Amino acid sequence: MIIVMSPAATQKEIDTVVARVTGAGLRVHLSEGKSRTIIGLIGEKKLMAQLPLEAMAGVEKAISVTAGYKLVSREIKSEDTVINIGGVLVGGTNLVVMAGPCAVESREQLLESAKIVKAAGAQFLRGGAYKPRTSPYSFQGLEEKGLEMLAEAREVTGLKVVTEVVDIQSVSVVSAYADVLQIGARNMQNFQLLKAVGKSGMPVLLKRGMAATINEWLHAAEYILSEGNFNVMFCERGIRTFEDYTRNTLDLSAAAALKDLSHLPVIVDPSHGTGVWKLVRPMAKAAVAGGADGLMIEVHPNPAEALSDGSQSLTPANFQALMNEVGIIAAAVGRKMA
(Lines give C-alpha, C1' and ligand atoms only; values in the text may rest on other atoms or scores of the structure.)
Protein backbone atom coordinates (compact mmCIF):
# COMPACT_ATOMS: atom_id res chain seq x y z
CA MET A 1 0.00 0.00 0.00
CA ILE A 2 1.10 3.57 -0.58
CA ILE A 3 0.00 6.69 1.27
CA VAL A 4 -0.15 9.84 -0.85
CA MET A 5 0.35 12.90 1.32
CA SER A 6 -1.31 16.17 0.44
CA PRO A 7 0.89 18.80 -1.25
CA ALA A 8 0.09 20.99 1.78
CA ALA A 9 1.10 18.33 4.32
CA THR A 10 3.57 19.55 6.94
CA GLN A 11 6.68 17.70 8.00
CA LYS A 12 5.07 17.12 11.39
CA GLU A 13 2.08 15.44 9.74
CA ILE A 14 4.37 13.24 7.65
CA ASP A 15 6.37 12.28 10.74
CA THR A 16 3.17 11.48 12.62
CA VAL A 17 1.95 9.14 9.87
CA VAL A 18 5.33 7.40 9.72
CA ALA A 19 5.39 6.96 13.49
CA ARG A 20 1.86 5.55 13.48
CA VAL A 21 2.48 2.92 10.79
CA THR A 22 5.90 1.86 12.10
CA GLY A 23 4.39 1.58 15.55
CA ALA A 24 1.86 -0.84 14.06
CA GLY A 25 4.67 -3.11 12.89
CA LEU A 26 4.95 -1.96 9.26
CA ARG A 27 8.08 -0.89 7.40
CA VAL A 28 8.04 2.34 5.39
CA HIS A 29 9.80 3.81 2.39
CA LEU A 30 9.66 7.58 1.94
CA SER A 31 9.69 9.07 -1.55
CA GLU A 32 9.87 12.86 -1.49
CA GLY A 33 8.82 14.26 -4.86
CA LYS A 34 8.74 17.84 -6.08
CA SER A 35 5.13 18.42 -5.05
CA ARG A 36 4.25 15.71 -2.54
CA THR A 37 5.55 12.90 -0.38
CA ILE A 38 4.67 9.25 -0.95
CA ILE A 39 4.91 6.78 1.93
CA GLY A 40 5.21 3.15 0.91
CA LEU A 41 4.07 0.53 3.40
CA ILE A 42 5.58 -2.94 3.56
CA GLY A 43 4.12 -5.66 5.75
CA GLU A 44 0.99 -7.68 6.43
CA LYS A 45 -2.19 -6.45 4.77
CA LYS A 46 -4.27 -7.05 7.88
CA LEU A 47 -2.10 -4.60 9.82
CA MET A 48 -2.63 -1.97 7.12
CA ALA A 49 -6.38 -2.58 7.13
CA GLN A 50 -6.58 -1.83 10.84
CA LEU A 51 -5.16 1.68 10.45
CA PRO A 52 -7.44 4.67 9.70
CA LEU A 53 -4.93 6.00 7.20
CA GLU A 54 -7.15 8.32 5.19
CA ALA A 55 -8.46 9.91 8.39
CA MET A 56 -5.02 11.07 9.45
CA ALA A 57 -4.02 14.70 9.05
CA GLY A 58 -2.13 15.46 5.85
CA VAL A 59 -3.12 12.25 4.07
CA GLU A 60 -4.70 12.71 0.65
CA LYS A 61 -5.38 9.04 -0.07
CA ALA A 62 -4.21 5.47 0.56
CA ILE A 63 -3.87 3.17 -2.44
CA SER A 64 -3.45 -0.58 -2.52
CA VAL A 65 -0.53 -1.56 -4.77
CA THR A 66 -1.71 -4.36 -7.03
CA ALA A 67 1.68 -5.52 -8.35
CA GLY A 68 3.71 -8.03 -6.36
CA TYR A 69 6.68 -5.69 -6.65
CA LYS A 70 6.16 -2.50 -4.67
CA LEU A 71 9.38 -0.61 -3.99
CA VAL A 72 10.44 -1.01 -7.63
CA SER A 73 7.15 0.32 -8.98
CA ARG A 74 6.35 3.80 -10.26
CA GLU A 75 3.22 3.60 -8.13
CA ILE A 76 5.42 4.25 -5.10
CA LYS A 77 7.77 6.69 -6.84
CA SER A 78 6.75 8.49 -10.00
CA GLU A 79 10.05 10.31 -10.57
CA ASP A 80 13.14 8.65 -12.03
CA THR A 81 15.69 7.41 -9.54
CA VAL A 82 19.15 8.90 -10.07
CA ILE A 83 22.00 6.90 -8.53
CA ASN A 84 25.20 8.68 -7.54
CA ILE A 85 28.15 6.31 -7.98
CA GLY A 86 31.24 8.12 -6.84
CA GLY A 87 30.13 11.34 -8.48
CA VAL A 88 28.82 9.72 -11.69
CA LEU A 89 25.04 10.08 -11.96
CA VAL A 90 23.05 7.23 -13.48
CA GLY A 91 19.45 7.98 -14.45
CA GLY A 92 17.42 11.09 -15.14
CA THR A 93 18.74 12.92 -18.19
CA ASN A 94 22.21 11.37 -17.90
CA LEU A 95 23.54 8.74 -20.29
CA VAL A 96 26.36 6.52 -19.02
CA VAL A 97 28.57 4.02 -20.82
CA MET A 98 30.10 0.95 -19.18
CA ALA A 99 32.79 -0.53 -21.39
CA GLY A 100 35.71 -2.91 -21.36
CA PRO A 101 36.61 -6.54 -21.94
CA CYS A 102 34.36 -9.46 -21.09
CA ALA A 103 37.09 -10.91 -18.88
CA VAL A 104 40.15 -9.59 -17.12
CA GLU A 105 42.93 -11.56 -18.86
CA SER A 106 46.10 -9.77 -17.81
CA ARG A 107 47.28 -6.50 -16.28
CA GLU A 108 48.49 -5.21 -19.64
CA GLN A 109 45.24 -6.12 -21.45
CA LEU A 110 43.07 -4.50 -18.78
CA LEU A 111 45.05 -1.28 -18.45
CA GLU A 112 45.13 -0.87 -22.22
CA SER A 113 41.37 -1.47 -22.39
CA ALA A 114 40.72 0.99 -19.58
CA LYS A 115 42.71 3.74 -21.26
CA ILE A 116 40.90 3.10 -24.55
CA VAL A 117 37.39 3.35 -23.13
CA LYS A 118 38.32 6.32 -20.93
CA ALA A 119 39.69 8.25 -23.90
CA ALA A 120 36.49 7.55 -25.86
CA GLY A 121 34.30 8.96 -23.09
CA ALA A 122 33.10 6.00 -21.02
CA GLN A 123 32.53 6.50 -17.29
CA PHE A 124 32.69 2.87 -16.13
CA LEU A 125 35.13 0.03 -16.75
CA ARG A 126 33.46 -3.37 -17.08
CA GLY A 127 35.47 -6.56 -16.75
CA GLY A 128 34.85 -9.99 -15.29
CA ALA A 129 37.19 -11.29 -12.58
CA TYR A 130 34.84 -14.19 -11.85
CA LYS A 131 33.42 -15.78 -15.01
CA PRO A 132 30.53 -18.27 -14.68
CA ARG A 133 30.73 -20.16 -17.98
CA THR A 134 28.52 -22.75 -19.62
CA SER A 135 31.48 -25.10 -20.06
CA PRO A 136 33.72 -26.01 -17.10
CA TYR A 137 36.66 -26.00 -19.53
CA SER A 138 36.21 -22.36 -20.55
CA PHE A 139 38.25 -19.55 -18.98
CA GLN A 140 36.82 -18.98 -15.49
CA GLY A 141 38.52 -15.67 -14.66
CA LEU A 142 41.44 -14.54 -12.49
CA GLU A 143 39.22 -14.05 -9.41
CA GLU A 144 40.76 -11.82 -6.69
CA LYS A 145 43.90 -11.19 -8.73
CA GLY A 146 41.60 -9.86 -11.45
CA LEU A 147 39.84 -7.65 -8.89
CA GLU A 148 43.20 -6.18 -7.90
CA MET A 149 43.88 -5.35 -11.54
CA LEU A 150 40.47 -3.67 -11.85
CA ALA A 151 41.22 -1.54 -8.79
CA GLU A 152 44.57 -0.56 -10.30
CA ALA A 153 42.88 0.40 -13.58
CA ARG A 154 40.46 2.59 -11.63
CA GLU A 155 43.41 4.26 -9.89
CA VAL A 156 45.09 4.95 -13.23
CA THR A 157 42.05 6.15 -15.20
CA GLY A 158 39.46 7.31 -12.67
CA LEU A 159 36.84 4.99 -14.19
CA LYS A 160 34.31 3.35 -11.88
CA VAL A 161 34.48 -0.45 -11.83
CA VAL A 162 31.58 -2.79 -12.67
CA THR A 163 32.22 -6.49 -12.14
CA GLU A 164 30.22 -9.62 -11.46
CA VAL A 165 29.62 -11.26 -8.10
CA VAL A 166 28.79 -14.95 -8.50
CA ASP A 167 27.93 -16.16 -5.01
CA ILE A 168 27.22 -14.99 -1.46
CA GLN A 169 30.75 -15.75 -0.31
CA SER A 170 32.31 -13.38 -2.85
CA VAL A 171 30.06 -10.37 -2.11
CA SER A 172 32.36 -8.90 0.56
CA VAL A 173 35.49 -9.57 -1.50
CA VAL A 174 34.13 -7.97 -4.69
CA SER A 175 32.67 -5.06 -2.70
CA ALA A 176 36.15 -4.21 -1.46
CA TYR A 177 37.37 -3.60 -5.03
CA ALA A 178 34.34 -2.66 -7.17
CA ASP A 179 32.01 0.32 -7.40
CA VAL A 180 29.06 -1.66 -8.82
CA LEU A 181 28.16 -5.30 -8.19
CA GLN A 182 26.85 -7.04 -11.30
CA ILE A 183 24.33 -9.87 -10.98
CA GLY A 184 24.67 -11.98 -14.11
CA ALA A 185 21.86 -13.53 -16.11
CA ARG A 186 22.41 -16.97 -14.56
CA ASN A 187 21.98 -15.52 -11.06
CA MET A 188 18.98 -13.25 -11.62
CA GLN A 189 16.80 -15.54 -9.50
CA ASN A 190 19.46 -16.56 -7.00
CA PHE A 191 17.36 -15.05 -4.24
CA GLN A 192 19.89 -15.53 -1.44
CA LEU A 193 22.49 -13.69 -3.52
CA LEU A 194 20.00 -10.91 -4.26
CA LYS A 195 19.39 -10.51 -0.53
CA ALA A 196 23.13 -10.46 0.13
CA VAL A 197 23.84 -7.67 -2.37
CA GLY A 198 20.82 -5.85 -1.00
CA LYS A 199 22.31 -5.93 2.49
CA SER A 200 25.71 -4.82 1.15
CA GLY A 201 24.36 -1.38 0.23
CA MET A 202 26.53 -1.39 -2.91
CA PRO A 203 25.14 -0.18 -6.27
CA VAL A 204 23.84 -3.21 -8.18
CA LEU A 205 23.52 -3.91 -11.91
CA LEU A 206 20.84 -6.59 -12.29
CA LYS A 207 21.03 -8.41 -15.60
CA ARG A 208 17.94 -10.07 -17.02
CA GLY A 209 17.80 -13.86 -16.96
CA MET A 210 18.06 -15.64 -20.29
CA ALA A 211 14.39 -16.70 -20.18
CA ALA A 212 13.04 -14.30 -17.56
CA THR A 213 9.81 -12.39 -18.03
CA ILE A 214 9.66 -8.69 -17.24
CA ASN A 215 7.53 -9.51 -14.20
CA GLU A 216 10.14 -11.95 -12.86
CA TRP A 217 12.87 -9.40 -13.46
CA LEU A 218 10.99 -6.72 -11.53
CA HIS A 219 10.44 -9.13 -8.64
CA ALA A 220 14.17 -9.96 -8.61
CA ALA A 221 14.93 -6.25 -8.17
CA GLU A 222 12.34 -6.12 -5.39
CA TYR A 223 14.42 -8.62 -3.41
CA ILE A 224 17.34 -6.16 -3.43
CA LEU A 225 15.25 -3.10 -2.58
CA SER A 226 13.42 -4.93 0.20
CA GLU A 227 16.77 -5.18 2.01
CA GLY A 228 17.02 -1.38 2.00
CA ASN A 229 19.27 -0.99 -1.05
CA PHE A 230 17.70 1.32 -3.64
CA ASN A 231 20.85 1.72 -5.77
CA VAL A 232 19.74 -0.77 -8.41
CA MET A 233 19.99 -0.63 -12.20
CA PHE A 234 18.34 -3.05 -14.62
CA CYS A 235 20.39 -4.39 -17.53
CA GLU A 236 18.68 -5.82 -20.62
CA ARG A 237 21.16 -8.28 -22.17
CA GLY A 238 18.98 -10.24 -24.54
CA ILE A 239 16.78 -13.29 -24.06
CA ARG A 240 16.88 -16.78 -25.52
CA THR A 241 14.42 -17.27 -28.40
CA PHE A 242 14.10 -19.50 -31.47
CA GLU A 243 16.45 -17.20 -33.43
CA ASP A 244 19.96 -18.60 -33.87
CA TYR A 245 21.60 -16.00 -36.11
CA THR A 246 22.25 -13.83 -33.05
CA ARG A 247 23.49 -15.09 -29.70
CA ASN A 248 20.37 -13.72 -28.00
CA THR A 249 17.41 -11.57 -28.99
CA LEU A 250 17.89 -8.05 -27.65
CA ASP A 251 14.51 -7.05 -26.23
CA LEU A 252 14.41 -3.27 -26.45
CA SER A 253 10.67 -3.34 -25.84
CA ALA A 254 11.43 -4.69 -22.36
CA ALA A 255 13.75 -1.74 -21.70
CA ALA A 256 10.98 0.65 -22.71
CA ALA A 257 8.45 -1.24 -20.57
CA LEU A 258 10.70 -1.02 -17.53
CA LYS A 259 10.95 2.74 -17.93
CA ASP A 260 7.15 2.83 -17.71
CA LEU A 261 6.76 0.32 -14.86
CA SER A 262 9.72 1.26 -12.66
CA HIS A 263 11.60 4.33 -11.51
CA LEU A 264 14.97 2.55 -11.58
CA PRO A 265 17.58 3.22 -14.32
CA VAL A 266 17.77 0.85 -17.29
CA ILE A 267 21.05 -0.12 -18.99
CA VAL A 268 21.18 -2.00 -22.31
CA ASP A 269 23.92 -4.49 -23.26
CA PRO A 270 23.90 -4.91 -27.07
CA SER A 271 27.10 -6.97 -26.94
CA HIS A 272 25.55 -9.96 -25.17
CA GLY A 273 22.21 -9.04 -26.69
CA THR A 274 23.41 -9.81 -30.21
CA GLY A 275 26.74 -11.65 -29.90
CA VAL A 276 27.80 -10.13 -33.22
CA TRP A 277 30.14 -7.14 -33.18
CA LYS A 278 28.68 -5.66 -36.38
CA LEU A 279 25.27 -5.42 -34.69
CA VAL A 280 26.47 -3.73 -31.51
CA ARG A 281 26.65 -0.19 -32.88
CA PRO A 282 23.18 -0.09 -34.50
CA MET A 283 21.53 -1.67 -31.46
CA ALA A 284 23.34 0.70 -29.10
CA LYS A 285 21.96 3.63 -31.08
CA ALA A 286 18.47 2.12 -31.01
CA ALA A 287 18.70 1.63 -27.24
CA VAL A 288 19.60 5.28 -26.62
CA ALA A 289 16.86 6.48 -28.96
CA GLY A 290 14.42 4.24 -27.08
CA GLY A 291 15.16 5.80 -23.69
CA ALA A 292 17.89 3.66 -22.11
CA ASP A 293 19.85 5.32 -19.31
CA GLY A 294 23.11 3.72 -20.33
CA LEU A 295 24.98 1.13 -22.37
CA MET A 296 27.24 -1.78 -21.50
CA ILE A 297 29.68 -2.48 -24.33
CA GLU A 298 32.42 -5.10 -24.67
CA VAL A 299 35.68 -3.60 -25.93
CA HIS A 300 38.99 -5.43 -26.38
CA PRO A 301 42.34 -4.18 -27.73
CA ASN A 302 42.49 -7.25 -29.98
CA PRO A 303 39.16 -9.15 -30.12
CA ALA A 304 40.69 -11.95 -32.21
CA GLU A 305 42.86 -12.90 -29.22
CA ALA A 306 40.22 -12.47 -26.50
CA LEU A 307 39.82 -15.37 -24.07
CA SER A 308 36.09 -14.66 -23.82
CA ASP A 309 33.46 -13.27 -26.24
CA GLY A 310 35.83 -11.92 -28.87
CA SER A 311 33.18 -12.21 -31.58
CA GLN A 312 31.01 -9.58 -29.91
CA SER A 313 33.78 -7.25 -28.74
CA LEU A 314 34.49 -3.95 -30.45
CA THR A 315 37.94 -2.80 -31.51
CA PRO A 316 39.08 0.59 -30.15
CA ALA A 317 38.23 2.24 -33.48
CA ASN A 318 34.74 0.76 -33.59
CA PHE A 319 34.10 1.78 -29.99
CA GLN A 320 35.13 5.36 -30.72
CA ALA A 321 32.75 5.36 -33.70
CA LEU A 322 29.95 4.07 -31.48
CA MET A 323 30.57 6.81 -28.91
CA ASN A 324 30.49 9.49 -31.62
CA GLU A 325 27.19 8.19 -33.01
CA VAL A 326 25.59 7.67 -29.60
CA GLY A 327 26.52 11.20 -28.57
CA ILE A 328 24.57 12.63 -31.50
CA ILE A 329 21.48 10.55 -30.71
CA ALA A 330 21.70 11.32 -26.98
CA ALA A 331 21.61 15.05 -27.71
CA ALA A 332 18.65 14.59 -30.03
CA VAL A 333 16.58 12.89 -27.31
CA GLY A 334 17.50 15.29 -24.53
CA ARG A 335 20.25 13.24 -22.92
CA LYS A 336 23.74 14.26 -21.88
CA MET A 337 26.80 12.09 -21.38
CA ALA A 338 27.41 11.78 -17.65
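Model, not experiment: these values are computed from the prediction.

So, how was this worked out
- Residues numbered from 1 in each chain as written.
- Predicted model: local features only at pLDDT ≥ 70, side-chain atom pairs only at ≥ 80, totals over all residues.
- Heavy atoms only, no water.
- Helix = DSSP H or I, 4+ residues; strand = E, 2+ residues; numbered from the N terminus.
- Rg over C-alpha atoms; globule rule 2.2 N^0.38 Å.
- Buried < 20%, exposed > 50% of the residue type's maximum accessible area, 1.4 Å probe, protein only.
- Contact = heavy atoms within 4.5 Å.
- Areas by Shrake-Rupley, 256 points an atom, 1.4 Å probe, with all protein chains shown as cover.
- Lys, Arg positive; Asp, Glu negative; His and termini not counted.
- Charge placed at Lys NZ, Arg CZ, Asp CG, Glu CD.
- Expected span 1.5 Å × (residues − 1).
- Pairing = 2+ DSSP bridges.
- Salt bridge = Lys/Arg side-chain N within 4 Å of Asp/Glu carboxyl O.
- Phe/Tyr/Trp six-rings, centres within 6.5 Å; stacked < 30°, edge-to-face > 60°.
- Core = buried A, V, L, I, M, F, W, Y, C linked by side-chain atoms within 4.5 Å.

**Regarding the overall build of the protein chain**
Move 1: Within the protein chain, the regular secondary structure consists of 11 helices and 15 strands.
Move 2: In terms of overall dimensions, the protein chain is globule-like: its C-alpha atoms have a radius of gyration of 21 Å, near the 20 Å expected for 338 residues.
Move 3: Over its C-alpha atoms, taken along the principal directions, the protein chain stretches across nearly 65 × 45 × 45 Å.
Move 4: Buried positions account for 53% of the 338 residues belonging to the protein chain.
Move 5: In the protein chain, of all internal contacts separated by at least 6 residues, the share reaching a separation of at least 24 is 69%.
Move 6: In the form shown here, the protein chain has an accessible surface area of approximately 14100 Å², with 52% of it arising from carbon and sulfur atoms.
Move 7: Taking the average place of the 34 positive charges on the side chains of the protein chain and the average place of its 34 negative ones, the gap between the two points comes to 2 Å.

**Details of helix α3 (residues 107-120)**
Move 1: With 14 residues, α3 should reach 20 Å at 1.5 Å per residue; the first-to-last C-alpha distance of 20 Å fits that figure.
Move 2: When α3 is considered as a whole, its buried residues turn out to be Gln109, Leu110, Leu111, Ser113, Ala114, Ile116, Val117 and Ala120.
Move 3: The secondary structure elements touched by the buried residues of α3 are β7 (94-100), β8 (124-126), α4 (144-157) and α11 (316-332).

**Some words on the pairing of strand β3 (residues 37-42)**
Move 1: Counting buried residues in β3 gives six out of six residues, a clear majority hidden from the surface.
Move 2: The alternating pattern of β3 places Thr37, Ile39 and Leu41 and Ile38, Gly40 and Ile42 on opposite faces, both of which are buried.
Move 3: Where strand β2 (residues 27-32) folds back on β3, the antiparallel hairpin that results is connected by four residues.

**Thoughts on the pattern of salt bridges**
Oppositely charged side chains can form a pair if their charged atoms are brought close together.
Move 1: According to the stated counting rule, one finds 13 salt bridges in the structure shown.
Move 2: Between arginine 74 and aspartate 80 there is a salt bridge, and its shortest N-O distance comes to 2.4 Å.
Move 3: Measuring nitrogen to oxygen at the nearest pair gives 2.9 Å for the salt bridge that ties aspartate 293 to arginine 335. Of the two residues, aspartate 293 sits in the loop between α10 (277-289) and β14 (294-298) while arginine 335 sits in the loop between α11 and β15 (336-337), which places them 42 residues apart along the sequence. We note that aspartate 293, like arginine 335, is buried.
Move 4: Through salt bridges with shared partners, a single network forms among Arg208, Glu236 and Asp251.

**Some details on the environment of glutamate 79**
Move 1: Inspection of the secondary structure assignment puts glutamate 79 in the loop between β4 (59-63) and β5 (83-85).
Move 2: Since its relative accessible area comes to 30%, glutamate 79 is described here as partly exposed.
Move 3: Residues glutamate 79 and valine 276, 197 residues apart in the sequence, show an inter-C-alpha distance of 35 Å.

**So, the side chain of threonine 274**
Move 1: Position of threonine 274 relative to the elements: it lies in helix α9 (residues 270-274).
Move 2: The residues touching threonine 274, leaving out its near neighbours within four places in the chain, are Thr246, Arg247, Asn248, Leu279, Val280 and Met283.

**As for the packing of aromatic side chains**
Move 1: The final tally for this structure, using the stated rule, is two aromatic pairs.
Move 2: Judged by centre distance (5.3 Å) and plane angle (75°), the ring pair of tryptophan 217 and phenylalanine 234 falls under edge-to-face. You can see tryptophan 217 sitting in helix α7 (residues 214-225) and its partner phenylalanine 234 sitting in strand β12 (residues 232-236), a full 17 residues away along the chain.
Move 3: Judged by relative accessible area, phenylalanine 234 falls into the buried class, the value being 0%.

**Describing unusual backbone geometry**
Move 1: Phi at glutamate 143 is positive, roughly 55°, even though this residue is not glycine.
Move 2: In this fold, glutamate 143 is placed in the loop between β8 and α4.

**Points about the nonpolar core**
Move 1: Within the largest apolar cluster, 75 residues are counted, with the highest numbers of intra-cluster contacts made by Val197, Leu206, Phe234, Leu295, Ile297, Phe319 and Leu322.
Move 2: Residue contacts for leucine 322: discarding those within four places in its chain leaves Val280, Arg281, Ala284, Leu295, Ile297 and Leu314.

**Focus: α10**
Move 1: Those residues of α10 lying buried are Val280, Ala284, Ala287 and Val288.
Move 2: Residues of α10 that are buried sit in contact with β7, α8 (252-261), β13 (266-268), α9, β14 and α11.
Move 3: At the C-terminal side of α10, glycine 291 shows a positive phi close to 110°.

Purely geometric stuff here, so don't read any function into it on its own.
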